[in-house]
Each structure stands twice: as C-alpha cells, then as structure tokens.
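Summary of structural features
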Amino acid sequence: MSFNHGILNLTNWAGNVILPTLAGLFFAIAVLKFARTEPYGAAMYGGFLCLMASGVLRAMEKFASQRAWNDPDVYWMSLVSLVDWICNVLMPVYAGLQVAAGALRLGMVTRIHPTEGWMRHFVAAGLCLLLSGLMRLAEFFVTQGIGGVT
Amino acid sequence: MPSILTAMFLLGTQTTYSLIQSYNTGSQVAAADVLDSLWNYLAGTIMPIAAGLAIVGAIINLATRRPAMRLVAVALAMLCVSGIWRLVLSMEA
C-alpha cells in the first residue's frame, strides 16, 4: 500500500460512491424543508452537485490548465476562467430560470403590485444578463473618479 | 479527515521509504535530488488528488450551508501549485 494509492482511492470512493448516495439524502432533506416552508435551495443544489462531483473537478482542471504549469499567471488565469464561466455561462442559465419562475408567479398570483415576487424574478434575470455591463460601469466610475472632484 | 490521511501515510510508510530510496541518485547532490523529486511528487501527484478531496468537501459544505468558497479556491490552488511557486519566485526577484 502506498500513500498515493490510498489518497487516490479515498478520493474516488468519496466522489463516486459516497456523494451520489448522499445526493438522495440531500434531495430528501430538500423535500422535507420545502414541505415546512424552510429554505431548501442549499440542499437541492447540494444534491445536484453531489451527482456532478467528477464534472466539477474536470471543470476545475480545465480552468487550471489555461496556461503552462510553470507560468506564474496560472492561478490568476484559473480564477479569470472561473469568473468568466460563472458570469457568462451559469448566470445566463440562471436568468432563464428566473424568467420562467417570474412568469409562473405572474400567472399564478392574481394581485399585481410592485412588491409581488414576480418583479424580483425579472429584475434578477435582468441583472444576471447585465453583469458584464455593470462591471464595466463600475470600472468607468472608478476611472472617472481617479481625477477627483473638479 | 486529517486523522484518515495520517493513518494512510503511516500505513504507506514502507512504500514511501522505497519511493524516497528510488529518488536517491547516489551522487554528491543526492540530497538535493531527493528533495527535488519529492517536491515534484507532491506538486504533480498528491496535490491534484487532494484537489478532488477539496471539491468533495466544498460540495458537502454547500449542501449543509457552511462556507464552501474557501475550499473551491483551495482546490483551484492545489491544481496550480507549480504556477503559484513560480509566482512567488517572480515576486521575490
């Protein structure tokens, strides 16, 4: 037995055996929390992530291999790739989910009032799709502010 | 988890000893060769596997509503160990 094989088998066992089993448990917890009107998002997304552990690790490896292994910028580029992926891939998907949730709530709720939840969903979807623009706007403000107040 | 990893290391002591022995070139700079090979073994073999463990921990933390982003950053760093070492060297120069 070697330390290398031990830690490799431990990782494979945890990622490919235990996590898919725990996924069922997390889904059950999410259902129970949903029934009690408690926040269930963490358990639900945790269940999905348990089933996607290998894919998440492969994604991390892809982010970490954007530059050569001995390039000093490799960690920076990994973080940039991660941020790019979250903002340009995950957030638009989340925007679509928010539009669907907003439409469902708009259709099911008879009262139309600015404080109803459907508006929050559409605003969230807009913000998800505007992330890059908001970032550029913040950069613009900071760049303009360098000169001070005139 | 630290106890499990320590137990694994202790159970693999004989193999680790053989591994280090195989790194010994027997030359005048044998100590440096062994340390260099150990560093390569750590950065190239152990760290990427440990990154997988960190991702598993991050997922469990996320599902149980505990801080998970730190483990994600650590997993990314474990996959970039050599680059981070070069970054430290370039900052020092």
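Here, every reference points to the structure presented above.
Report follows, based on the coordinates. (Residues numbered from 1 in each chain as written. Chains lettered and ligands numbered in written order. Predicted model: local features only at pLDDT ≥ 70, side-chain atom pairs only at ≥ 80, totals over all residues.)

Regarding the interface of chain A and chain B
At the junction of the two partners, chain A supplies 37 residues and chain B supplies 32 residues. Looking at the side of chain A that touches chain B, the elements that each hand over two or more residues are helix H1 (3-35), helix H2 (41-51), helix H3 (53-64) and helix H4 (74-108) of chain A. Examining the composition of the side of chain A that touches chain B, we find that 11 residues originate from one element, H1(A), more than from any other. For the side of chain A that touches chain B, the class distribution of residues is 25 nonpolar, nine polar and three charged. (Contact = placed C-beta atoms within 7 Å. Helix = DSSP H or I, 4+ residues; strand = E, 2+ residues; numbered from the N terminus. Nonpolar A, V, L, I, M, F, W, Y, C, P; charged D, E, K, R; others polar.)

Overview of the environment of B:Asn61
Residues and elements named next belong to chain B. Tracing the sequence through the fold places Asn61 in helix H3 (residues 30-63). Sequence spacing of Asn61 and Gly83 is 22 residues, and the spatial spacing of their C-alpha atoms is 27 Å. Residue contacts for Asn61: discarding those within four places in its chain leaves Arg66, Pro67, Ala68 and Leu71.

Notes on unusual backbone geometry
One non-glycine residue, A:Thr37, lies in positive phi territory at about 55°. By the C-beta count within 10 Å, which is 7 here, A:Thr37 ends up exposed. Although it is not a glycine, B:Arg65 sits at a positive phi angle of roughly 60°. One can find B:Arg65 in the loop between H3 and helix H4 (69-79). (Buried ≥ 20, exposed ≤ 12 C-beta atoms within 10 Å, placed from the backbone.)

Some words on the nonpolar core
The nonpolar side chains of a soluble globular protein tend to be buried with one another. One finds A:Met60, B:Ile55, B:Ile59 and B:Ala75 to be the most contacted residues of the largest nonpolar core, which totals 35 residues. Beyond its immediate chain neighbours, meaning those up to four positions away, B:Ile59 contacts A:Leu19, A:Gly46, A:Leu49, A:Cys50 and A:Ala53. (Core = buried A, V, L, I, M, F, W, Y, C linked by C-beta atoms within 7 Å.)

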